[in-house]
Each structure stands twice: as C-alpha cells, then as structure tokens.
Amino acid sequence: MLLIIPMILNYMSQKQYASLVPMYEAEAKNARIREINLNRLGEPVRIKGVVEQVYFQFLNRPQYLVADRTGEISVKMFTSPMEDVQKGDVVEVLGTVVKRYILTGDAVINCVSIRKVKNNQQS
C-alpha cells in the first residue's frame, strides 16, 4: 500500500496536468528568463533553455534549474514529468510565474509541462 497509493496519486496528477497543456500552449507567452519577475505573477509563460540542475527527481516533485542566454530560473513541478528530463537537456517549459515561497521570494515557474526539444529549436 505504501507504494501503490503514491503511484496512483502521481498518475492522477499527471493526467490533470496533461489536461492543462493545451490551454497553456494557447495562452503562454514566449519569454526570456531575464524577463520573468514578480511583476508577471500569475502569467502563463513559455521558456526554452538548458537544464543545469535537477533536484528531488525521485520524490515525484522535481525541480529544475533552467538557463538560457539571459539568465536562469527555478522550475518546480508537483508531479513527475511525462519525459525523463536530465541535466544538459534542452527543454521547453510551460507554466505560471509564482513566488518561490507563499509570501516572499523571487519569481519561479510552477511547471505544467516540461519536454525535451532538439538543440536547433532553442531560441
């Protein structure tokens, strides 16, 4: 039971996040990382960059440090991604700009989708 319940919850979370992807694909604005700040709280964004670090991957709550030529930003997920994303992968991230902590902190992305892209598609 200790293994089955988390697996079921993760599956349900993945399914719910997958249902949000079409909306984010339609509404998210392309952004460079340096443009993402607290003035954009709640906005859906799309970034492309290279994964520099991966944290908490095995806890089904992965966090990624994603960088483009303008900076780097923390990307947090609340379920495991559909693809296995590792350090060095070029990715496209869809998500919402939120504060790192509930009341304080810098801007981070609450990720709905992270997927690998080919290097020549990075902008």
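Note that the structure is predicted; figures quoted are calculated from it, not measured.

1. Let's talk about the overall build of the protein
If you tally the helices and strands in the protein, you get one helix and six strands. In the protein, the succession of helices and strands from N to C terminus is α-β-β-β-β-β-β. The buried share among the 123 residues of the protein stands at 39%. Within the protein, residue pairs in contact and separated by at least 24 positions form 57% of the contacts whose partners lie at least 6 positions apart. Surface summary for the protein: the accessible area is close to 7,700 Å², and the carbon and sulfur share equals 56%.

2. Some details on the pairing of strand 3 (residues 63–68)
For a regular strand, the rule is simple: side chains alternate between the two faces of the sheet. Judged by how many residues are buried, strand 3 sits mostly within the fold: six of six residues are covered. Of the two faces of strand 3, both are covered, the one formed by Gln63, Leu65 and Ala67 as well as the one formed by Tyr64, Val66 and Asp68. Here strand 2 (residues 44–55) runs beside strand 3; their pairing, made up of five bridges, is antiparallel. Bridged to Val50 within strand 3 is Ala67. For strand 3 and strand 4 (residues 71–76), the ladder comprises six bridges, and the chain directions are antiparallel. Across the sheet, Val66 pairs through a bridge with Ile73, a residue of strand 4. The hairpin formed by strand 3 and strand 4 contains two residues between the paired strands.

3. Description of the pattern of salt bridges
Applying the stated rule across the entire model yields five salt bridges. A salt bridge links Glu92 to Arg46, with the nearest nitrogen and oxygen atoms 3.2 Å apart. Taken together, the residues span a long stretch of sequence, with Glu92 in strand 5 (residues 90–99) and Arg46 in strand 2 at a distance of 46 residues. According to the relative accessible area criterion, Arg46 is buried, its value standing at 15%. The partner of Asp89 in a salt bridge is Lys116, with the nearest N and O atoms 3.8 Å apart. Of the two residues, Asp89 is situated in the loop between strand 4 and strand 5 and Lys116 in strand 6 (residues 107–116); the sequence distance between them amounts to 27 residues. The class for Asp89 is buried, based on a relative accessible area of 18%. Salt bridges sharing partners connect three or more residues here, namely Arg46, Glu92 and Arg115.

4. Let's talk about the nonpolar core
The biggest cluster of nonpolar side chains holds 19 residues, and the ones touching the most others in it are Ile36, Ile47, Val75 and Val93. Elements supplying a minimum of two residues to this core: strand 2, strand 3, strand 4, strand 5 and strand 6. If one sorts the elements of this core by residue count, strand 6 sits on top with four residues. Counting residues in hydrophobic clusters, the runner-up holds six residues, among them Tyr17, Tyr24, Ala28 and Leu94.

So, how was this worked out
- Throughout this description, residue numbers start from 1 for each chain and increase along the sequence as written.
- For this predicted model, a pLDDT threshold of at least 70 governs which residues receive local features, and a threshold of 80 or more governs which side-chain atom pairs are given and counted, while totals over whole chains, interfaces and linings are taken from all residues.
- No hydrogens and no water enter the side-chain calculation; it runs on all heavy atoms of the structure.
- Elements are defined by DSSP. Helices are runs of H or I of four residues or more, strands are runs of E of two residues or more, and each kind is numbered from the N terminus.
- Note on classification: 1.4 Å probe, protein chains only; a residue is buried when its accessible area is under 20% of the maximum for its type, exposed when over 50%, partly exposed between these limits.
- Note on contacts: a residue pair qualifies if any of its non-hydrogen atoms lie within 4.5 Å across the two residues.
- In these tables, accessible area is a Shrake-Rupley quantity obtained with a 1.4 Å probe, and a residue counts as shielded only by the protein chains included in the view.
- Pairing between strands is defined by DSSP: at least two bridges between the two strands are required.
- One speaks of a salt bridge when a side-chain nitrogen belonging to Lys or Arg is within 4 Å of a carboxyl oxygen belonging to Asp or Glu.
- Definition of nonpolar core: a set of buried residues of the types Ala, Val, Leu, Ile, Met, Phe, Trp, Tyr and Cys, connected through side-chain atoms within 4.5 Å.

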